[in-house]
Amino acid sequence: MPAPERIPSRGLTEAGMRTLLAEGELTVLGRVRGASNAVLYCTVAHEGEERPCVYKPVAGEQPLWDFPDGTLAQREVAAYEISEATGWGLVPPTVLREGPYGEGMCQLWIEADEEAAPADGLPPLLALVDGEEPGEGWKAVGLAEVGEGKTALLVHADDPRLRRLAVLDAVINNGDRKGGHLLSAPDGRLYGIDHGVTLNADDKLRTLFWGWAGEPLTAEATEVLERLAAGLEPGAALATRLGELITAAEADALRDRVASLRKSGLHPQPSGDWPPIPWPPV
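Remember, it's a predicted structure, so these values are computed and weren't measured experimentally. Starting afresh in each chain, residues are numbered from 1 along the sequence in its written order. Owing to the predicted nature of the model, reporting of local features is limited to residues with pLDDT of at least 70; listing and counting of side-chain atom pairs is limited to 80 or more, with chain, interface and lining totals taken over all residues. The side-chain quantities take in all heavy atoms of the structure and omit both hydrogens and water.

**Thoughts on unusual backbone geometry**
Positive phi, normally seen in glycine, also occurs at Glu47, with a value near 50 degrees. For every residue, the accessible area (1.4 Å probe, protein chains only) is compared with the maximum for its type, and the residue is labelled buried under 20%, exposed over 50%, or partly exposed between those bounds. Classification of Glu47 as exposed rests on a relative accessible area of 73%. Positive phi values are uncommon outside glycine, yet Leu199 reaches one of about 65 degrees. Leu199 gets classed as buried once you look at its relative accessible area, which sits at 0%.

**Overview of the confidence of the model for the protein chain**
In this model, the protein chain carries a mean pLDDT of 89, and residues with pLDDT of at least 70 account for 91%. Per-residue pLDDT stays below 50 along residues 1-9; that stretch engages in 26 contacts with residues further than four places along the chain or on separate chains. A score from 0 to 100, pLDDT tells how confident the predictor is in each residue. Any two residues whose heavy atoms approach within 4.5 Å at even a single point are treated as in contact. Every residue in residues 116-123 is under pLDDT 50, and counting partners more than four places away or in other chains gives 11 contacts.

**Section: the pattern of salt bridges**
When a carboxyl oxygen of Asp or Glu is within 4 Å of a side-chain nitrogen of Lys or Arg, the pair counts as a salt bridge. Scanning all chains against the criterion turns up 14 salt bridges. Its salt-bridge partner being Lys139, residue Glu215 comes within 2.7 Å of it at the nearest N-O pair. Pair noted here: Glu215 is in the loop between strand S10 (190-192) and helix H4 (219-231) and Lys139 is in strand S7 (residues 138-147), with a separation of 76 residues, a long-range link. A residue is classified by how much of its surface remains accessible, and Lys139, at 15% relative accessible area, is buried. Each of the salt bridges in this network shares a partner with another, and the network as a whole consists of Lys56, Glu76 and Asp194. For helices the rule is a DSSP run of H or I covering at least 4 residues; for strands it is a run of E covering at least 2, with both sets numbered from the N terminus onward.

Dropping the structure here:
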């Protein structure tokens, strides 16, 4: 599957979208309910362009004992920068900026296509099925309780877009990859959102997408990891940018994870030191 085209959202390039998000006037329209931190639905307008976006002010973040340094907003931006360096474009354009409630993360709003099937015809990404085998086109994650003492097999689609995201999550050490953090756009593109609990120096990988655990990385992923390794060398543009967003220890751990993936050539497996699946899973 070829790498997706960069976002030309109704005429704007990726760089233009970042400029719009960073310099445009933010207008808060409401709050997204159900989130543990403040998530504000907004519009951003600049030089005749206007788009919906999400603004997450640092002032609305709940402190986390295991993420004592930096902010969730900075980690969201760092995850975007790393996603861009892969060339896969798996995270919507994201910037750090001042807003009505102070500094925060501003990200392009992606209108999810929840009903339509993906453009490539693959099945939905997640499912619970009876039996012990996932079936053709699916990868097994594990058994899940479904109530009344019953269990079902949790599976995810054997989808190349999802596999790219699994590699990105391993790189950024995503501690909270839930099904609800995936957005399938009407054009068939897949995006991951909510990357505030990433890039910890300790192993925190928690995801629903363990179906490739222990399997060889694709040739495409191997090439991407090689580029990332170069971009993370001291003095490289990506490394310099990340130095503004995460700590030196976190940057070192990031380099170590990329090196480990390149050395093993395999998708990671659960460490056993941390619950491997987030709760709730959606």
